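One letter stands for each residue in the lines below.
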Amino acid sequence: MGLIVSVPSGGFVKRCALAVLTASLLVLLGCSSNERDQGSAEEERPVVALIMKSLANEFFVTMAAAAQAHQLQQDTYELIVNGIKNESDLAQQVALVDQMIGIGVDAIVIAPADSKALVPALARARANGVHVVNIDNRLDGEVLMEYDLVIPFIGPNNRKGAKEAAEFALAQLPEGVNVVILEGVTTAQNAIDRRMGFEDAVAAHAANLVSKQSALWDQTKAAEVTAAILVGHPDVGLILAANDNMALGAASAVAFADLEQHVAIVGFDNISAVHPLLLDGRVIATVEQYGDQFAVNGIELALEMINGLTELVDRETPLVVVSRTDIEEQDLPSNTP
């Protein structure tokens, strides 16, 4: 049976979880040593750590569940699942990387909360012989070069997906519509790419961008930011949110504002919580990027790297714009590229 541990953030709970994790790994390593003496192949099972962003976000909960299911099905490696409290808790994610180095995992598969701040920690991992795979949010190329690192990335073209979703919405709205962009964490490459994709679509459709602000990927923050924007720009017709959590927050602020006009909202991630809003028209589109497969693909690449069977090359994953019709029909395209 694979080792599956979720390490929560914060204080006493974290220390207890880490103590259990360390003890479990010592037992695991002890058992492997005994099995090695008996000639068993069990000691060859590598240990892979999955380090994600906030487990309060359904997107990453789904990712973790897919990884755990993959481990149980394959039963050829050990899996440690980690997540941070919120998507801006960079220090905690760096600490998790260092903890995984300390316990001697064979590989780390990480969705970094920041594209630059995690690179030094991952450089320490590589220096300690730990293989690293980057999923979901691309690490900064210039910073990787500074540390002389080559870390393969698995994920979609976020700029393309954001542009297509925004264009889908703008095609149904009048020319010159007033638009708001809600960004994620501004130092995260996927947030930058999605913002740029939204801007590409706004420029192409001659829409009017009246405000662009970060809501840190957070639903509550998005509600607060949107409410403040609507006070100054009550004539907004479209809100482009860089993830579905922020789209949900924007929708609540729009409902509270009780505006005369309908405000269309675009999200990104296609989490189940946004489906009711797609069906009733509050959200006009989101983007399915098959995030449940990010971790699985990352783990499989990590295992190949451990066995020396692959080149360190990026792998682009598919995405598709999802609208009300798709949810009604429940007929999303296959996640096979």
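A quick note: this is a predicted structure, and the numbers were derived from the prediction, not measured.

Peer 1: Which residues make up the overall build of the protein, and what values do they have?
Peer 2: Counting its secondary structure elements, the protein contains twelve helices and 13 strands. Expressed as a percentage of contacts within the protein between residues at least 6 apart in sequence, the contacts between residues at least 24 apart total 73%. Of the roughly 14,400 Å² that the protein leaves accessible, carbon and sulfur atoms contribute 52%.

Peer 1: Let's hear about unusual backbone geometry: which residues, and what values?
Peer 2: Positioned with a positive phi, Trp 217 is a non-glycine residue whose angle comes to about 70°. Within the secondary structure, Trp 217 sits in the loop between strand S8 (208-214) and helix H8 (219-232).

Peer 1: Which residues make up the packing of helix H2 (residues 58-74) against helix H11 (residues 292-306), and what values go with them?
Peer 2: In helix packing, the relevant descriptors are the interaxial angle and the interaxial distance, both defined with respect to the helix axes. The interhelical angle for the contact between H2 and H11, taken along N-to-C directions, is 45°, at an axis separation of 6 Å. In terms of orientation, H2 and H11 fall into the oblique class. Every pair of crossing elements has a handedness; the one defined by H2 and H11 is right-handed. Packed against H2, whose contacting residues are Phe 59, Thr 62, Met 63, Ala 66, Ala 67 and His 70, the element H11 presents Asp 292, Phe 294, Ala 295, Val 296, Ile 299 and Glu 300 at the interface. Taken together, the residues that form the contact of H2 with H11 break down as eight nonpolar, two polar and two charged.

Peer 1: Which residues make up the packing of helix H6 (residues 158-170) against helix H7 (residues 189-204), and what values do they have?
Peer 2: At their nearest, the axes of H6 and H7 sit 7 Å apart, and the two run at 35° to each other. For the element pair H6 and H7, the recorded crossing hand is right-handed. Of H7, the residues touching H6 (which contributes Asn 158, Arg 159, Ala 162, Lys 163, Ala 166, Glu 167 and Leu 170) are Asn 190, Asp 193, Arg 194, Met 196, Gly 197, Phe 198, Asp 200, Ala 201 and Val 202. Taken together, the residues of the contact of H6 with H7 break down into seven nonpolar, three polar and six charged.

Peer 1: Talk me through the nonpolar core; I want residue IDs and the actual numbers.
Peer 2: Grouped together as the largest cluster of nonpolar side chains are 79 residues, with contacts concentrated most on Ile 135, Leu 182, Ile 239, Leu 240 and Val 266. With seven residues, the top contributor of residues to this core is H11. Ignoring any residue separated from it by four or fewer positions in sequence, one finds Leu 240 in contact with Ala 166, Val 179, Val 180, Ile 181, Leu 182, Phe 198, Val 202 and Val 266. In terms of nonpolar packing, the next biggest core, distinct from the first, is built from 27 residues, Ala 49, Ile 101, Ala 113 and Leu 118 among them.

Peer 1: Got a sec to walk through the sheet that holds strand S7 (residues 178-183)? Specific residues and values, please.
Peer 2: With respect to topology, six strands assemble into an open sheet ordered S8-S7-S9-S10-S11-S13, the strand pairing being mixed. Among the strands making up the open sheet, the edge pair consists of S8 and strand S13 (320-322). Going across the sheet, the axis of each strand differs from the next one's by a mean of 15°, ignoring polarity. Running at roughly 165° to strand S10 (residues 264-266), helix H9 (residues 244-257) makes contact with S7, strand S9 (238-241), S10 and strand S11 (283-288) of the sheet.

Peer 1: Provide a residue-level description of the environment of Gly 184, including the pertinent values.
Peer 2: Considering the arrangement of structural elements, one finds Gly 184 in the loop between S7 and H7. A sequence separation of ten residues divides Gly 184 from Arg 194, and the C-alpha atoms of the two residues are 8.8 Å apart. Those residues in contact with Gly 184 that sit more than four places away from it in its chain are Ala 191, Ser 214, Leu 216, Trp 217, Ala 242 and Met 246.

Peer 1: Explain helix H3 (residues 90-103) to me, using residue names and the numbers behind them.
Peer 2: Note on helix geometry: an α-helix contains 3.6 residues per turn, so any two residues three or four positions apart are oriented the same way. The end-to-end C-alpha distance of H3, which contains 14 residues, comes to 20 Å, matching closely the 20 Å that a straight helix rising 1.5 Å per residue would cover. All of the buried residues along H3 are Gln 92, Gln 93, Val 94, Leu 96, Val 97, Gln 99, Met 100 and Ile 101.

Peer 1: Tell me about the pairing of strand S5 (residues 131-135), residues and numbers included.
Peer 2: Burial runs high along S5: four of the five residues are buried. Alignment of strand S4 (residues 107-110) against S5, held across four bridges, turns out to be parallel. In the strand pairing of S5, Ala 107 is matched with His 131. Between the parallel elements S4 and S5, the chain passes through helix H4 (residues 119-127) in a crossover that is right-handed. Where S5 lies against strand S6 (residues 153-155), two bridges are found, and the strand directions are parallel. Across the sheet, the residue bridging to Asn 134 is Phe 153, located in S6. Running through helix H5 (residues 141-146), the crossover from S5 to the neighbouring parallel element S6 is right-handed.

Peer 1: Please provide a residue-by-residue account of the pattern of salt bridges, values included.
Peer 2: A complete count under the given rule lists 15 salt bridges for this structure. Asp 75 serves as the salt-bridge partner of Arg 45, at 3.1 Å between the closest nitrogen and oxygen. You can see Arg 45 sitting in the loop between helix H1 (11-37) and strand S2 (47-54) and its partner Asp 75 sitting in the loop between H2 and strand S3 (78-84), a full 30 residues away along the chain. By relative accessible area, Arg 45 is classed as buried at 12%.

Peer 1: Describe the environment of Glu 199, naming the residues involved and giving the relevant values.
Peer 2: Within the element layout of this structure, Glu 199 appears in helix H7. Residue classification places Glu 199 among the partly exposed positions, given a relative accessible area of 21%. Glu 199 sits 41 residues away from Leu 240 along the chain, and the two C-alpha atoms are 9.7 Å apart. Apart from residues lying up to four places away in sequence, Glu 199 is in contact with Ile 181 and Lys 212.

About the thresholds
- Residues numbered from 1 in each chain as written.
- Predicted model: local features only at pLDDT ≥ 70, side-chain atom pairs only at ≥ 80, totals over all residues.
- Heavy atoms only, no water.
- Helix = DSSP H or I, 4+ residues; strand = E, 2+ residues; numbered from the N terminus.
- Contact = heavy atoms within 4.5 Å.
- Areas by Shrake-Rupley, 256 points an atom, 1.4 Å probe, with all protein chains shown as cover.
- Axes fitted to C-alpha atoms, helices over the stretch in contact; angles between N-to-C directions.
- Parallel < 35°, antiparallel > 145°, perpendicular 65-115°, else oblique.
- Left-handed = near helix turned anticlockwise from the far one by under 90°.
- Nonpolar A, V, L, I, M, F, W, Y, C, P; charged D, E, K, R; others polar.
- Core = buried A, V, L, I, M, F, W, Y, C linked by side-chain atoms within 4.5 Å.
- Buried < 20%, exposed > 50% of the residue type's maximum accessible area, 1.4 Å probe, protein only.
- Pairing = 2+ DSSP bridges.
- Expected span 1.5 Å × (residues − 1).
- Right-handed = clockwise from strand over helix to strand, strands pointing away.
- Salt bridge = Lys/Arg side-chain N within 4 Å of Asp/Glu carboxyl O.

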